[in-house]
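Coordinate analysis (summary)
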Amino acid sequence: MNKSILVNKIEIDKQEIIDLIKGGNRDGAIDLIGKRADVKFKTARDIVQLFEEGHIHLFDGKDLFLMDYDEISHNEAIDKVASNQSSFLEVEKDGSKRSGGKRGLIIGLSVLVVGFIFFKYIVGFNQIGHHLSEIGQLFDKSEGIPAVDVDTASRGASLEPGVTRVAEAEDFRPVDTNLLAPEFKSAEMEKIKNAHFDKLNPVLKSPTDEDAQLALIHLTNRRLTDVIIQQKLNIKIGRCYENPNKEGNKFCVSCMILLYNREKKDWQEAPDGENFLDNAYDFYLPEGGDTWEAKPLSMHIPYDYALFKKYEGKD
């Protein structure tokens, strides 16, 4: 665990901030970060909140200043696009007058930045094919026009006559049958019946909320860290069941998870923007290790109604 945090390329000793918070001087901690790293009040306040909630260690080695989109200027965002960096941040408007040619260049680059923000955070690059496929299916149903399988086409796969498409992998994710339309509910109830939930073994040894959160941060290539900071969401884990498919690991369990909003004190369906999380995963301990890892769910488990009830907001 690092002894310091990185804010706007400035290292600040964690213990200084911790001492101020423990001494009841929360404003002093915010002021220290703001002045030391030259950042706005909102950024410093959010960082202090991470200390208070015990999550600051999740972001060791990561510049917390870059997590605040409002802190990045227009020109800085353009520089990031020009250097092909992967993080596209929301920019502030530049009100200064430009010459005709220079203004055109700035507008063009701004459109490019906004476009990348839209596809990365709203649509999601890896979801574009899926959304286009849905549009194709809509035309197929409404106008009789054959729908294009965009996902298959993007992989260069042939759909020649006589060629059988490989069946999609089985979807193990639990479903809240109370929300299903009647025409779909009977099929789901049959799937549940065939899963024989009565034969599942609930386990005593399972990941904690923090274990599950760290495992999913790793599984999502740290995309979850943005959600934890910006959207103030945390992972909560439900009841876990023994998964016999250990694949050489010491333990393997299957559990539902949810996103808990720290501000609203309630769970929410998915992250704002791109939904890159499932509602259940396998969690496993490698042989000889003590850190839980996560992977896609590989067996049917019941929908954990108790988990959602536990973290339901109180009016």
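Residues numbered from 1 in each chain as written. Predicted model: local features only at pLDDT ≥ 70, side-chain atom pairs only at ≥ 80, totals over all residues. Heavy atoms only, no water.

Along the backbone of the protein chain there are 11 helices and 7 strands. Split into buried and exposed, the 315 residues of the protein chain put 37% on the buried side. Residue pairs at least 24 apart in sequence account for 62% of intrachain contacts in the protein chain once pairs closer than 6 positions are excluded. (Helix = DSSP H or I, 4+ residues; strand = E, 2+ residues; numbered from the N terminus. Buried < 20%, exposed > 50% of the residue type's maximum accessible area, 1.4 Å probe, protein only. Contact = heavy atoms within 4.5 Å.)

The next subject is the pairing of strand β6 (residues 280-285). In summary, the side chains of a regular strand alternate between the two faces of the sheet. The buried count for β6 comes to 6 of 6 residues, which makes it a mostly enclosed element. The two faces of β6 match: Ala280, Asp282 and Tyr284 on one face and Tyr281, Phe283 and Leu285 on the other face are all buried. The pairing of strand β4 (residues 251-261) with β6 spans 6 bridges and is antiparallel. What sits directly across from Phe251, in β6, is Leu285. When β6 meets strand β7 (residues 293-296), the two strands line up antiparallel, connected through 4 bridges. Bridged to Phe283 within β7 is Ala294. (Pairing = 2+ DSSP bridges.)

For the rest of this paragraph, the subject is the side chain of Asp304. By secondary structure assignment, the location of Asp304 is in the loop between β7 and α11 (305-310). Of the side chains bearing the opposite charge, Arg239 lies closest to the buried Asp304, which forms no salt bridge; the N-O distance is 7.0 Å. Of the polar contacts made by the side chain of Asp304, one reaches the backbone nitrogen of Arg239; its length is 2.8 Å. Leaving out residues up to four positions away in the same chain, Asp304 has contacts with Gly238, Arg239 and Met256. (Lys, Arg positive; Asp, Glu negative; His and termini not counted. Salt bridge = Lys/Arg side-chain N within 4 Å of Asp/Glu carboxyl O. Polar contact = N/O pair within 3.5 Å; in protein donor to acceptor, adjacent residues only side chain to side chain.)

The next subject is the nonpolar core. Ranked by internal contacts, the top residues of the largest apolar core, which has 43 residues, are Val7, Ile33, Leu224 and Phe283. Residue assignment for this core shows that the elements contributing at least two residues are β1 (4-7), α2 (26-37), α3 (41-53), α9 (209-219), α10 (223-230), β3 (233-242), β4 and β6. Non-local contacts of Ile33, meaning those with residues more than four positions away in its chain, are made with Val7, Ile12, Ile17, Asp38, Val39, Ala44, Ile47 and Val48. Listed in part, the 14 residues of the second largest apolar core include Leu258, Tyr260, Tyr303 and Tyr311. (Core = buried A, V, L, I, M, F, W, Y, C linked by side-chain atoms within 4.5 Å.)

Attention now moves to the state of the cysteines. Taken as a whole and judged by the stated rule, the model has 1 disulfide. Two residues, Cys240 and Cys255, share a disulfide whose sulfurs are 2.1 Å apart. Where Cys240 bonds to Cys255 through sulfur, the torsion about that S-S bond is close to 110 degrees, and the disulfide is right-handed. Here Cys240 is found in strand β3, whereas its partner Cys255 is found in strand β4, with 15 residues between them in sequence. Like Cys240, the residue Cys255 is buried in the burial classification. Considering cysteine sulfurs only, Cys255 is the nearest to Cys252, which forms no disulfide, with 8.7 Å between them. Note on Cys252: relative accessible area 4%, which makes it buried. (Disulfide = S-S within 2.5 Å.)

Our next topic: the packing of helix α1 (residues 14-22) against α2. One way to put it is that α1 packs onto α2 with a least axis distance of 7 Å and a crossing angle of 155 degrees. It follows from the interaxial angle that α1 and α2 lie roughly antiparallel. Note on element contacts: α2 touches α1 through Arg26, Gly28, Ala29, Leu32, Ile33 and Arg36, opposite Glu16, Ile17, Leu20 and Ile21. Of the residues belonging to the contact of α1 with α2, the class tally is 6 nonpolar, 1 polar and 3 charged. (Axes fitted to C-alpha atoms, helices over the stretch in contact; angles between N-to-C directions. Parallel < 35°, antiparallel > 145°, perpendicular 65-115°, else oblique. Nonpolar A, V, L, I, M, F, W, Y, C, P; charged D, E, K, R; others polar.)

Moving on, we come to the pairing of β4. Most of β4 is tucked away, with 10 of its 11 residues classed as buried. Across 8 bridges, the pairing between β3 and β4 is antiparallel. Each bridged residue has a counterpart across the sheet, and for Ile237 the counterpart in β4 is Ile257. With 3 bridges connecting them, β4 and strand β5 (residues 266-268) associate as antiparallel partners. Along β5, the bridge assignment pairs Tyr260 with Trp267. Where β4 folds back onto β5 in an antiparallel hairpin, the turn is made up of 4 residues, including Lys265, whose phi is positive at roughly 55 degrees.

By themselves these figures say nothing about function.
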